[in-house]
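Each chain, written out:
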Amino acid sequence: PAIEYGLEAPFAVEYHETLASTNDRARELAGSGETDVVVVADEQTGGRGRLERVWDAPAGGVWLSILCRPEIPPARAPLYTLAAAVATARAAREAGVDAAIKWPNDVIVPGDGGDYRKLAGILTEMEGETDRVAWLVVGIGVNANLEAADLPEGATSICDEAGVVGRRRFVQRVLETFDEYRSNLDAVIPAWRDLAATPGQRVRIEVAGTELVGRAVDVDGHGALTVATDEGERTVTTGDCEHLRP
Ligand code: BTX
């Protein structure tokens, strides 16, 4: 294999050189009753984003999915997505990248004049009853040792921003931070706020076919975003968020 993941992590690590999607493999493991497993691949041939979008995942990136079974209602699951964003942004900063979080789940590198480039994305999937999650798969995709030419427009990588990163150590740091916050969910929002680029920005958010424009204010205890619009304050639980030029 190109990299070995003999990690000191609170998760069992399953490494693949190539896989269609680490989220799909983690879901398979969920079906066989596993938990606290991380699936890592050097390359994905069928990487998925949200809403059936394609996620480009050539060899050299960090593509991983964490499978766990937290004792929480589904309404608290977004905190796991935010915890993954915090873990990823912090690890990227430790690698020398000026990383920040764009609500809800993108890790970006802010540029001049309101511009930004996408460094990483998170895709959380789950199954469960109304009162209790059965399993949760948190997929994290980070453009690590890749070059702009290998990535879609608007993307950047750790390598382009700060040079080649040691992926083993990077993954280790992501998992450590994620583990720290999953057992301390109340600390997720404050940590997220410290790394967030969205509050204070003018944003356009697409939610289920409708569009909302205004100034992002803050996130609430569940990670929902409050936006000040001309028609008053609106709270959005999920959607596609674009930062607009000031
Ligand atoms: P998203 O729906 O927010 O973003 C998807 C969009 O991002 C695409 O439509 C494209 O415009 C852009 N994009 C695609 N590939 C990249 C890339 N490598 N870098 C930057 N931008 C890109 C975000 O979805 C959630 C992505 C999760 C990916 C992880 S990888 C491990 C796990 N397995 C899996 O199949 N998905 C997750």
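Per-chain numbering applies: the sequence of each chain, read as written, is numbered from 1 onward. Local features in a predicted model are, by the rule used here, given only for residues with pLDDT of at least 70; side-chain atom pairs are given and counted only at 80 or more, and totals for whole chains, interfaces and linings are based on all residues. Note: side-chain values were computed over all heavy atoms of the structure, leaving out hydrogens and water.

Participant: Even after reading the chapter, I still don't get the site of the ligand, so can you show me in this structure?
Facilitator: Put simply, a residue is near a molecule or strand once any heavy atom of it comes within 4 Å of that molecule or strand. As a matter of local geometry, the ligand sits amid 25 residues, with Ser21, Arg48, Arg50, Arg53 and Asn143 nearest to it. Threonine 22 places a polar side-chain atom, nitrogen or oxygen, 3.1 Å from a nitrogen atom of the ligand. Separating an oxygen atom of the ligand from a backbone N or O atom of arginine 48 is a distance of 2.7 Å. Values of accessible area rely on a 1.4 Å probe in the Shrake-Rupley scheme; residue burial ignores everything except the protein chains shown. Calculation on the ligand without its partners gives an accessible area of 790 Å², and the protein chains cover 89% of this total. Breaking the shell around the ligand down by element, the ones donating at least two residues are helix 1 (22–31), strand 3 (62–68), strand 6 (116–128) and strand 7 (133–142). For the shell around the ligand, the leading source of residues is strand 6, giving four residues. Between N or O atoms, a polar contact is any pair within 3.5 Å; within protein, one atom must be a potential hydrogen donor and the other a potential acceptor, and residues adjacent in sequence are included only when both atoms are from side chains. Helix and strand definitions follow DSSP, with helices as H or I runs of at least four residues and strands as E runs of at least two, each counted in order from the N terminus.

Participant: Help me out: how do you make sense of the pattern of salt bridges in this one?
Facilitator: Two side chains that carry opposite charge are able to pair once their charged atoms sit near each other. Salt bridges, as used here, are contacts in which a Lys or Arg side-chain nitrogen is within 4 Å of a carboxyl oxygen on Asp or Glu. Going through the model one piece at a time under the given rule, you end up with 20 salt bridges. Its salt-bridge partner being aspartate 115, residue arginine 245 comes within 3.0 Å of it at the nearest N-O pair. Here arginine 245 is found in the segment after strand 12 (240–243), whereas its partner aspartate 115 is found in the loop between strand 5 (106–110) and strand 6, with 130 residues between them in sequence. Any residue under 20% of the maximum accessible area for its type is buried, any over 50% is exposed, and the rest in between are partly exposed; the area is computed with a 1.4 Å probe on protein chains only. Judged by relative accessible area, aspartate 115 falls into the partly exposed class, the value being 40%. Residues joined in a network through salt bridges with shared partners are Asp24, Arg27, Arg48 and Glu125.

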